[in-house]
Amino acid sequence: MRLILLGPPGAGKGTQAQRIVEKHGIPQLSTGDMLRAAVSAGTEVGKQAKAVMDAGKLVSDDIVNAIVSERIDQADCANGFILDGYPRTLVQADSVEAMLSAKGIELSVVIELRVEDEILVGRVSGRYTCAQCGAGYHDENLKPKVEGVCDKCGSTHFKRRADDNPETVRTRLQAYYKDTSPLIGYYHAKGKLKSIDGMADIDKVTADIEAILASI
Ligand code: ADP
Ligand code: ZN
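Nothing here was measured: the structure is a model prediction, and the numbers come from that model.

Criteria and cut-off values
Residues numbered from 1 in each chain as written. Chains lettered and ligands numbered in written order. Predicted model: local features only at pLDDT ≥ 70, side-chain atom pairs only at ≥ 80, totals over all residues. Heavy atoms only, no water. Core = buried A, V, L, I, M, F, W, Y, C linked by side-chain atoms within 4.5 Å. Buried < 20%, exposed > 50% of the residue type's maximum accessible area, 1.4 Å probe, protein only. Helix = DSSP H or I, 4+ residues; strand = E, 2+ residues; numbered from the N terminus. Contact = heavy atoms within 4.5 Å. Arc of directions from axis to C-beta. Near = heavy atom within 4 Å. Polar contact = N/O pair within 3.5 Å; in protein donor to acceptor, adjacent residues only side chain to side chain. Areas by Shrake-Rupley, 256 points an atom, 1.4 Å probe, with all protein chains shown as cover. Nonpolar A, V, L, I, M, F, W, Y, C, P; charged D, E, K, R; others polar. Donors = N, O, S within 2.8 Å, 3.2 Å for Na, K, Ca; no water. Tetrahedral: all angles 85-135°; square planar, octahedral: opposite > 155°, others 65-115°. Phe/Tyr/Trp six-rings, centres within 6.5 Å; stacked < 30°, edge-to-face > 60°. Lys NZ or Arg CZ within 6 Å of the ring centre and 35° of its normal.

Caption draft 1: Broad picture of the nonpolar core. By size, the foremost hydrophobic cluster in this structure holds 30 residues, and its most contacted members are I67, V68 and Y187. Listed by contribution, the elements that provide at least two residues to this core are β1 (2–6), α2 (31–41), α3 (44–54), α4 (61–72), β3 (81–84), α5 (90–102) and α8 (182–189). No other element matches the 5 residues that α4 contributes to this core. If we ignore the near neighbours within four places in the chain, the residues touching Y187 are I4, P87, A93, E97, L107, V110, K192 and L193. Ranked by size, the runner-up nonpolar core spans 21 residues in total, among them A17, I26, I82 and I111.

Caption draft 2: Local environment of α8. The set of residues buried in α8 consists of L183, I184, Y186 and Y187. On an axial view of α8, the arc spanned by its buried residues comes to 165 degrees, and they lie on one face. Exposed side of α8, more than 90 degrees from the buried face: H188 and A189 are the residues found there. Contact partners of the buried residues in α8: β1, α5, β4 (109–114), α7 (166–180) and β8 (193–197). At the C-terminal side of α8, G191 shows a positive phi close to 75 degrees.

Caption draft 3: Representation of the site of ligand 1 in the model. Taken together, 19 residues form the shell around ligand 1, and within it G10, K13, G14, T15 and R127 come nearest. Here an oxygen atom of ligand 1 sits 3.0 Å away from a polar atom, N or O, in the main chain of G12. A200 places a polar main-chain atom, nitrogen or oxygen, 2.8 Å from a nitrogen atom of ligand 1. Taken by itself ligand 1 offers 560 Å² of open surface, and the protein chains cover 89% of this. Put simply, the parts of the chain that give the shell around ligand 1 at least two residues each are α1 (13–24), β6 (136–138) and α9 (202–215). The dominant element in the shell around ligand 1, judged by the number of residues it contributes, is α1, at 3 residues. When grouped by side-chain class, the residues that make up the shell around ligand 1 number 8 nonpolar, 7 polar and 4 charged.

Caption draft 4: How the structure looks around the coordination of the zinc ion (ligand 2). Donor atoms from the polypeptide that coordinate the zinc ion (ligand 2) comprise C130 (SG), C133 (SG), C150 (SG) and C153 (SG), at 2.3 to 2.4 Å from the metal. Given 4 donor atoms and angles of 100 to 115 degrees at the metal, the environment of the zinc ion (ligand 2) is assigned as tetrahedral. By relative accessible area, which is 31% here, C153 ends up partly exposed.

Caption draft 5: Just the packing of aromatic side chains, in detail. Counting across every chain of the model gives 5 aromatic pairs. Ring geometry for Y137 and F158: centres 5.9 Å apart, planes at 80 degrees, overall edge-to-face. Pair noted here: Y137 is in strand β6 and F158 is in strand β7 (residues 158–159), with a separation of 21 residues, a long-range link. Judged by relative accessible area, Y137 falls into the buried class, the value being 6%. A relative accessible area of 26% places F158 in the partly exposed class. One aromatic cluster is present, built from ring pairs that chain together Y128, Y137 and F158. The ring centre of Y186 lies 4.9 Å from the NZ or CZ of K190, which sits over that ring.

This is the structure:
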């Protein structure tokens, strides 16, 4: 099962990816995490990425794609993986297609989570994660069972992303509509797209995703 979760910041991709990981035992591939891992593992692309990052530049599509490619070759991806936050542009989507077809595999499905802008701003502004295990929470929508204590690991340390504030969210949304939302048509044309209502409550969204996964 190889899937992409697609949607604007705050749509619930990370929240749902965590649940898919737990239920299906396939890894969630986050490009940021993979970049850091490749750099510290000192792989060939990790070295290239480090040189670029040390120079204060953005890592190119080619490097990101090579890192995703290396990661997919690892044993834990044999039964599939979830891409969350990548590809972000049509150029990257083409690279992913080419990379997978060179490996003789293809995407199973692309699931789009649809959420209105005003809701997204509230979600992103209220979110935070466990500093120890990365579990995601929200000030109103998803509180830990015991206040201040992570449900999953018991840690009492949490963190917020510096760019998760209302002003920055609007800028990130514009980037999403300009650069990433064209992927909706791209995957639709390939017959890979399934769109669901991301404004339903978290369990309902999970159930809708499970129904799609059961049908592929
Ligand atoms: P993304 O990974 O798409 O940017 P997240 O999964 O981090 O989005 O979700 C953003 C915030 O919204 C989180 O705080 C999460 O707890 C909350 N959230 C996610 N899905 C829902 C939902 N269906 N209803 C209400 N809140 C949600
Ligand atoms: Zn935790």
